[in-house]
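# Observations on chain architecture
Chain residues, written in single-letter form:
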Amino acid sequence: MPHDHTHHPHNHDHDHAHHNHTHGPGHNHAPDHDHLHSHVHGQSDADHAEELKILSSSFVEGFRKAEDKASYLRLADIAFQRKGKDGLTMHLVDAKITTNWQIGTACPAFATRELAYLPFPGSMIEERETMTFTYVSMTERADIDLLSFMAERFGTPHNHDHHNDGHGHSHHN
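Since the structure is predicted, the reported quantities are computational estimates derived from the model, not experimental observations. (Residues numbered from 1 in each chain as written. Predicted model: local features only at pLDDT ≥ 70, side-chain atom pairs only at ≥ 80, totals over all residues. Heavy atoms only, no water.)

## A word on the overall build of the protein chain
- Regarding its fold elements, the protein chain presents 5 helices and 6 strands.
- Listed by position from the N terminus, the elements making up the protein chain come as α-α-α-α-β-β-β-β-β-β-α.
- Looking at the 173 residues of the protein chain, the share that counts as buried comes to 25%.
- Contacts in the protein chain between residues at least 24 apart in sequence constitute 54% of all its contacts with a sequence separation of at least 6.
- As displayed, the protein chain has an accessible area near 12,300 Å², and 56% of this comes from carbon and sulfur atoms. (Helix = DSSP H or I, 4+ residues; strand = E, 2+ residues; numbered from the N terminus. Buried < 20%, exposed > 50% of the residue type's maximum accessible area, 1.4 Å probe, protein only. Contact = heavy atoms within 4.5 Å. Areas by Shrake-Rupley, 256 points an atom, 1.4 Å probe, with all protein chains shown as cover.)

## A look at the environment of T132
- The residue T132 is located in strand β5 (residues 127-136) in this model.
- It is 9.7 Å that separates the C-alpha atoms of T132 and A142, two residues lying 10 residues apart in sequence.
- Residues within four places of T132 in sequence aside, it is in contact with D94, A95, K96, D143, I144 and D145.

## Observations concerning the environment of Y117
- Tracing the sequence through the fold places Y117 in strand β4 (residues 115-119).
- Sequence-wise, Y117 and C107 are 10 residues apart; in three dimensions their C-alpha atoms are separated by 6.8 Å.
- Ignoring any residue separated from it by four or fewer positions in sequence, one finds Y117 in contact with I103, G104, T105 and A106.

## Let's talk about the pairing of strand β2 (residues 89-101)
- Bridge count between strand β1 (residues 81-83) and β2: 3 bridges; the pairing is antiparallel. Looking across to β2, one finds that R82 is bridged to M90.
- Where β1 hands over to β2, the hairpin turn is made up of 5 residues, of which G87 adopts a positive phi near 90°.
- Looking at chain direction, β2 and β5 are connected through 10 bridges and run antiparallel. For T99, the partnering residue across the bridge sits in β5 and is E129. (Pairing = 2+ DSSP bridges.)

## Considerations on the confidence of the model for the protein chain
- For the protein chain, the average pLDDT comes to 75, and 65% of its residues sit at 70 or higher.
- This model gives residues 157-173 a pLDDT under 50, and the stretch forms 29 contacts once residues within four places in sequence are excluded. (pLDDT = per-residue confidence, 0-100.)

## Observations regarding the side chain of S56
- Residue placement: S56 occurs in helix α3 (residues 43-65).
- Excluding its chain neighbours within four sequence positions, the residues that come into contact with S56 are L146, L147 and M150.

## Digging into helix α5 (residues 146-154)
- Taken as a whole, α5 has its buried residues at L146, L147, S148, F149, M150 and A151.
- G155 lies just past α5 and shows a positive phi near 60°.

Right under this line is the structure:
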């Protein structure tokens, strides 16, 4: 028994040492949140985005294996209903998992209407899965990306939606 007692504080200290950079800013870590806003954006945002991608892929894997998918969504606190823009209740009707492989990147080039295209070498082409939840009401449909849900829940410093519900934000990094 004495051995267990002395081992426990080490685990406790170990958890605390990793808490700030593993879980991002939580409700009792306001200074970390300010830190993300007041310093050069890049590393902190990238780390947080990478963490959300890891959480997202774990979620998708768990969803695939879950025998009771509705219960899995409830345990994960995915809303089965949400208010639409016009106040009508929207209902969750579909959950879709999509696999993407980014083959290259295209961005505006200087002084031309053509895009500058950079194909990725084979080793950089990676599979990534996204999950989209579809909500409908009599007047509206919204396709909400799992990363959007997680960004809301875990408080990203900036909005990193890949697909949004029609607001025109669509970032692919």
